Amino acid sequence: MRIGVLTGGGDCPGLNAVIRAIVRKAERQYGDTVLGFADGWLGVLEGEYTELSVERMRGTLPRGGTVLGTSRMSPRMHEDGIERVRATMEATGADALIVIGGEGTLSAGVGVFEAGAANVVGVPKTIDNDIGLTERTFGFDTAVGIATAAIDRLHTTAESHDRVMVVEVMGRNVGHIATWAGIAGGATLTLIPEEPFDIESVAEAIVRRHQRGRWASIVVVAEGARPKAGTLEMPEPEIDQYGHVRLGGIGQAVATEIEARTGYDTRVTVLGHIQRGGTPSALDRVLCSWYGIAAIDAVHDGDWGSMVAFRSGEMVRVRLADAVAELKPVNPALYDVAKAFFP
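Residues numbered from 1 in each chain as written. Predicted model: local features only at pLDDT ≥ 70, side-chain atom pairs only at ≥ 80, totals over all residues. Heavy atoms only, no water.

### Details of the environment of Leu-97
Our working definition: A helix here means a DSSP run of H or I that spans at least four residues, while a strand means a run of E at least two residues long, and both kinds are numbered starting from the N terminus. Every residue pair with non-hydrogen atoms within 4.5 Å of one another is taken to be in contact.
With respect to the element layout, Leu-97 can be found in strand E4 (residues 96–101). Placed 91 residues apart in sequence, Leu-97 and Thr-188 show a C-alpha to C-alpha distance of 45 Å. Once you skip the residues sitting within four places of it in the chain, Leu-97 turns out to touch Gly-4, Val-5, Leu-6, Phe-37, Trp-41, Met-89, Ala-118, Asn-119, Val-120 and Val-121.

### Structural notes on the sheet that holds strand E7 (residues 189–191)
Our working rule: For two strands to be treated as a pair, DSSP must find at least two bridges joining them. Lines fitted to the C-alpha atoms define the axes, with helices restricted to the stretch that makes contact. Angles between their N-to-C directions range from 0 to 180 degrees.
Spatial ordering of the open sheet is given by E7-E8-E6-E11, a layout of four strands whose pairing is parallel. In this open sheet, the two edge strands, each paired with only one partner strand, are E7 and strand E11 (266–270). Here the average twist between neighbouring strands, direction ignored, is 20°. Bridging between strand E6 (residues 164–169) and E11 involves five bridges; their strand directions are parallel. The partner of Met-165 across the bridge, within E11, is Arg-267.

### Quick notes on the packing of aromatic side chains
This is how the line gets drawn: Planes of paired rings set the category: under 30 degrees apart is stacked, over 60 is edge-to-face and the rest tilted, where pairs are Phe, Tyr or Trp rings (Trp by its six-membered ring) whose centres lie within 6.5 Å. Put simply, a charge is over a ring when the Lys NZ or the Arg CZ is close to the ring centre, within 6 Å, and near the line of the ring normal, within 35 degrees.
Counting across every chain of the model gives five aromatic pairs. The ring of Trp-180 is capped by Arg-136, whose NZ or CZ atom sits 5.6 Å from the centre of that ring.

### Considering the side chain of Thr-190
Inspection of the secondary structure puts Thr-190 in strand E7. Not counting the four nearest positions on each side in its chain, Thr-190 is found in contact with Ala-178, Thr-179, Gly-182, Val-220, Tyr-335 and Phe-342.

Right under this line is the structure:
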């Protein structure tokens, strides 16, 4: 078989490990040819690809980023996008397309498959861990580890200067990174998109903590965290060229309000793309390798329109359309664990 592979959306630790696993089993066990499309869906739309081999993928297991490049381009952004995908699949002789990406990239895969333009198998990728029907997406463990390490370091400087430190982490629509890193890092408070916050209650909680003799606090804020209506005015967000809300700034807004309402010296740290970059964790390397093997097996089983998913300690297959139908929020029971440590 000739099998196309693309990596779309934001970069993520472990992408190369997934590609490596796909190529390894495809070439060595099935005798396939793997075509790596450049820059996500853009490469499919423009017919830009390179043949991948076991030799080409050597040394990529621990590498961050993606050797194929990525973009947020989608066939849906072009009137003739679906037909261009169909034409590329026919011109390259590709029998299937493995789509590695988050909600946007995988949703485009659903459209391509349902239009009959390509035989699609999906692999869930996002550090936000928000894809439905899978317990874990790769890159999440690495991102949580990076955020936790940063929080650990901020504890020492906060304690040295009797400061409140606000840490803004990624999490557009869900707060998985914030919740896990907040618990692991011993955060004073954790604010997530799933539960709008009252800034006055946040300030009061920090005052209570300091009145008990604890003169340093860490507040973890997901970038998509939202204040309750009427409690904190926020500027209208910008919209990027792909129609996505450009997030950022909530950490600074929270820090400014905490200092104004409490009088405590408050600083903000925005981790941003640091969470995306660098070497994937050991857990993510194993998970990525498993995802890649599961994806190539799904291709050879002809399970088109499926997504490989990690559930109950094993790899399964779910319908791709069902997986992207709704984002996976933070489990309320887990957030209750975080709240048990709030002041």
